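# Architecture at a glance
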Amino acid sequence: MNAASVTVACAQLTLAVGAVEANRAAADHAIAQAAAAGADVLVLPELTNSGYVFEDAAEATALAEPADGPTVTAWSGAARRHGITLVAGLCERDPDGQVRNSAVLIDPTGTLRAVYRKAHLFGTEKDIFVPGNELPPIVDVPPVGRIGVMICYDLEFPEWVRATAIEGVELLCAPVNWPLVPRPDGQAPAEVIRVQANASVNRVFVAACDRAGDERGVAWTGASAIADPDGFLMATTDTAPATPALLLAECDLSQARDKRIGAHNDVFKDRRPELYARTHTA
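Right, let's walk through the structure included here. (Residues numbered from 1 in each chain as written. Predicted model: local features only at pLDDT ≥ 70, side-chain atom pairs only at ≥ 80, totals over all residues. Heavy atoms only, no water.)

## Considerations on the overall build of the chain
- Tallying secondary structure elements over the chain gives six helices and 17 strands in all.
- Taken against the 2.2 N^0.38 rule, which gives 19 Å for 282 residues, the C-alpha radius of gyration of the chain at 18 Å falls within 12% of a compact globule.
- Here the chain, with 282 residues, has 52% of them falling under the buried criterion.
- Carbon and sulfur atoms form 54% of the exposed surface of the chain, whose accessible area is close to 12300 Å².
- Where the 23 positive side-chain charges of the chain centre and where its 36 negative ones centre are 5 Å apart. (Helix = DSSP H or I, 4+ residues; strand = E, 2+ residues; numbered from the N terminus. Rg over C-alpha atoms; globule rule 2.2 N^0.38 Å. Buried < 20%, exposed > 50% of the residue type's maximum accessible area, 1.4 Å probe, protein only. Areas by Shrake-Rupley, 256 points an atom, 1.4 Å probe, with all protein chains shown as cover. Lys, Arg positive; Asp, Glu negative; His and termini not counted. Charge placed at Lys NZ, Arg CZ, Asp CG, Glu CD.)

Written as structure tokens, this is what we have:
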């Protein structure tokens, strides 16, 4: 790793609904494995503590934990032991008792720096979770850089990613659960294409970490991906069925501070927001 770069990792794990101890053990192993491989930042999947395919809201409620609960406490200890920054998905019971699809960011000292609550709920998530109403957090983590957090379906809203990019994010980390859907032979998963597009149009690094295996009959795409500010994939995996994997990419985050394309263009300075306002509809 050169002086300006950091090693970003995604740990594509096999998890299961309700298997809290096993899920926690899988995360602990992934943190140790990533740190041993030289990772500075590790992203884990969406809802790592609980699993995803709930029977109903009651099951999710029973599995939800506060942000100072046993899972985040364990993750904080592991991050501190291994000196790694961790972004991981959490089925959270917030201070008001509401169930949230959340993600936490823990720095290398083991300090919980941010809790993000997914704003855009997908499918039956709307029957289970309360959506968040705050922009994704951006956390300065020395000496890594400015890290932003969002979750899965959030990535499908260009305005959401752009709002985060304008605030100066350099590395956007997204725990995801991407159900496997049919696609034409030879085509990349659409979710990965969106990761690449978001990285390119905002000139930031994006790391999205998916699941492996099968959960209650739902197969996962498994195409975890790390993309650079040109939109090119630095690391990805796409096997069917999705298998556990550790992706690593060396990222020079200073590249995300340069929004220029060639000698004449800058993707932020060339924006014309006064025109875009006319396109807004209810």
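Read on for the rest.
## Details of helix 4 (residues 158-166)
- Along helix 4, the positions that sit buried rather than exposed are Trp-160, Val-161, Thr-164 and Ala-165. Relative to the axis of helix 4, the buried residues are bounded by an arc of 135 degrees and lie together on one face. Facing away from the buried side of helix 4, by more than 90 degrees, are the exposed residues Pro-158 and Glu-159.
- Along its buried surface, helix 4 packs onto strand 5 (112-117), strand 6 (138-141), strand 8 (171-175) and helix 5 (190-202). (Arc of directions from axis to C-beta. Contact = heavy atoms within 4.5 Å.)

## Notes on the packing of aromatic side chains
- Counted by the stated rule, this structure contains four aromatic pairs.
- Ring centres of Tyr-52 and Trp-220 lie 5.7 Å apart, and the angle between their planes is 90 degrees; this geometry places the pair in the edge-to-face category. With Tyr-52 in the loop between strand 2 (41-43) and helix 2 (57-63) and Trp-220 in the loop between strand 12 (218-219) and strand 13 (225-227), the pair connects residues that are 168 residues apart, well separated along the chain. One exposure class covers both Tyr-52 and Trp-220, and it is buried.
- Aromatic ring contacts, followed pair by pair, group Phe-122, Tyr-153 and Phe-157 into a single cluster. (Phe/Tyr/Trp six-rings, centres within 6.5 Å; stacked < 30°, edge-to-face > 60°.)

## Some details on the sheet that holds strand 14 (residues 233-236)
- Taken in spatial order, the six strands make up an open sheet running 6-7-8-9-13-14, and their pairing is mixed. Each edge of the sheet is formed by a strand with only one pairing partner; in this case those strands are strand 6 and strand 14. The average undirected angle you get between the axes of adjacent strands in this sheet is 15 degrees.
- Here strand 8 pairs with strand 9 (residues 205-209) via five bridges, running parallel. In the sheet register, Pro-175 faces strand 9, and the bridge partner there is Cys-209. (Pairing = 2+ DSSP bridges. Axes fitted to C-alpha atoms, helices over the stretch in contact; angles between N-to-C directions.)

## Comments concerning the layout of surface pockets
- The space that makes up the largest pocket amounts to roughly 310 Å³.
- Of all the secondary structure elements, the ones that give two or more residues to the lining of the largest pocket are helix 4 and helix 5.
- When residues of the lining of the largest pocket are assigned to their parent elements, the largest contribution, five residues, is made by helix 5.
- Class assignment of the residues belonging to the lining of the largest pocket gives a composition of six nonpolar, two polar and five charged.
- If you add up the space inside the second largest pocket, you get close to 230 Å³.
- Taken together, 15 residues form the lining of the second largest pocket, with Tyr-52, Val-53, Thr-124, Glu-125 and Ile-128 sitting closest to its centre. (1 Å grid on protein atoms, 1.4 Å probe; cavity = no way out; pocket = protein on both sides within 12 Å on 5 of 7 lines; lining within 4 Å. Points joined across faces, edges and corners; volume = space filled by probe spheres on them. Nonpolar A, V, L, I, M, F, W, Y, C, P; charged D, E, K, R; others polar.)

## So, unusual backbone geometry
- Of note, the amide linkage connecting Pro-142 to Pro-143 takes the cis form, showing an omega dihedral of -5 degrees.
- Counting through the fold element by element, Pro-143 comes out in the loop between strand 6 and strand 7 (145-149).
- The phi torsion at Leu-47 lies on the positive side, around 50 degrees, for a residue other than glycine.
- Structurally, Leu-47 is set in the loop between strand 2 and helix 2.

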